[in-house]
Amino acid sequence: MRSGTGNDDKSKRIAVISSHFATHKASMASSEKEAALSAVPSDSPTIFDKIINKEIPSKVVFEDDQVLAFRDISPQAPTHILIIPKVKDGLTGLSKAEERHIDILGRLLYTAKLVAKQEGLDDGFRIVINDGPDGCQSVYHIHLHLLGGRQLNWPPG
Ligand code: 5GP
């Protein structure tokens, strides 16, 4: 009997802990969505310019003369890295791509592959480019999200 009660208590505790994490995850997701929806699409400098110019700190994992890759401040997976061009050249988002951007777009994708290897994501990973309010873009300087280190779900929300 006592052990039955103990198990009930344990189940309740697990339910409370899980609901806490479910609520936490839901509020995290909604705050990110709110941040994205309140972002105004524009070609003005963004927080990423400060990161490129080392005016604010970031955890850089890869850098060359054209591209910078650094860890996302709010990781959505064990590995969550942002890959950006150092010169925006009008590429606030993918929807603004012109033919002159073909080289840098290819370089960003190739960098994603290099960084994925460097991070040991040998079982796979995901690249995401959010575009515009419907895509939940919050920073208007094109960036690839490199996500991995756990089984990712599909389809995304
Ligand atoms: P978006 O929502 O535009 O696709 O992605 C922007 C990403 O930039 C978000 O995942 C957000 O967590 C990340 N981010 C925003 N500000 C900073 C920052 O100051 N440092 C770092 N490392 N990441 C940031």
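The following refers to the structure shown. (Residues numbered from 1 in each chain as written. Predicted model: local features only at pLDDT ≥ 70, side-chain atom pairs only at ≥ 80, totals over all residues. Heavy atoms only, no water.)

Points about the pairing of strand S1 (residues 60-63)
Note: S1 against strand S2 (residues 67-71), 3 bridges, orientation antiparallel. The partner of Glu63 across the bridge, within S2, is Leu68. Counted along the chain from S1 to the antiparallel partner S2, the turn is 3 residues long. (Pairing = 2+ DSSP bridges. Helix = DSSP H or I, 4+ residues; strand = E, 2+ residues; numbered from the N terminus.)

Concerning unusual backbone geometry
Negative phi values dominate among residues other than glycine, just as trans dominates among peptide bonds. Cis geometry marks the peptide bond from Trp154 to Pro155; its omega dihedral reads 0°. Within the secondary structure layout, Pro155 lies in the segment after strand S5 (144-148). In this structure, Lys54 is a non-glycine residue whose phi angle is positive, near 60°. Using a relative accessible area of 48% as the deciding quantity, one classes Lys54 as partly exposed. Positive phi values are uncommon outside glycine, yet Cys136 reaches one of about 65°. Assessed through its relative accessible area of 30%, Cys136 is described here as partly exposed. (Buried < 20%, exposed > 50% of the residue type's maximum accessible area, 1.4 Å probe, protein only.)

Let's talk about the site of the ligand
Taken together, 16 residues lie near the ligand, and Arg71, Asp72, Asn130, Ser138 and His145 sit nearest. A distance of 2.9 Å separates an oxygen atom of the ligand from a polar atom in the backbone of Val139. The fraction of the free accessible surface of the ligand (520 Å²) that becomes covered by protein chains is 83%. Sorting elements by how many residues they give to the shell around the ligand places helix H2 (residues 47-52) first, with 3 residues. (Near = heavy atom within 4 Å. Polar contact = N/O pair within 3.5 Å; in protein donor to acceptor, adjacent residues only side chain to side chain. Areas by Shrake-Rupley, 256 points an atom, 1.4 Å probe, with all protein chains shown as cover.)

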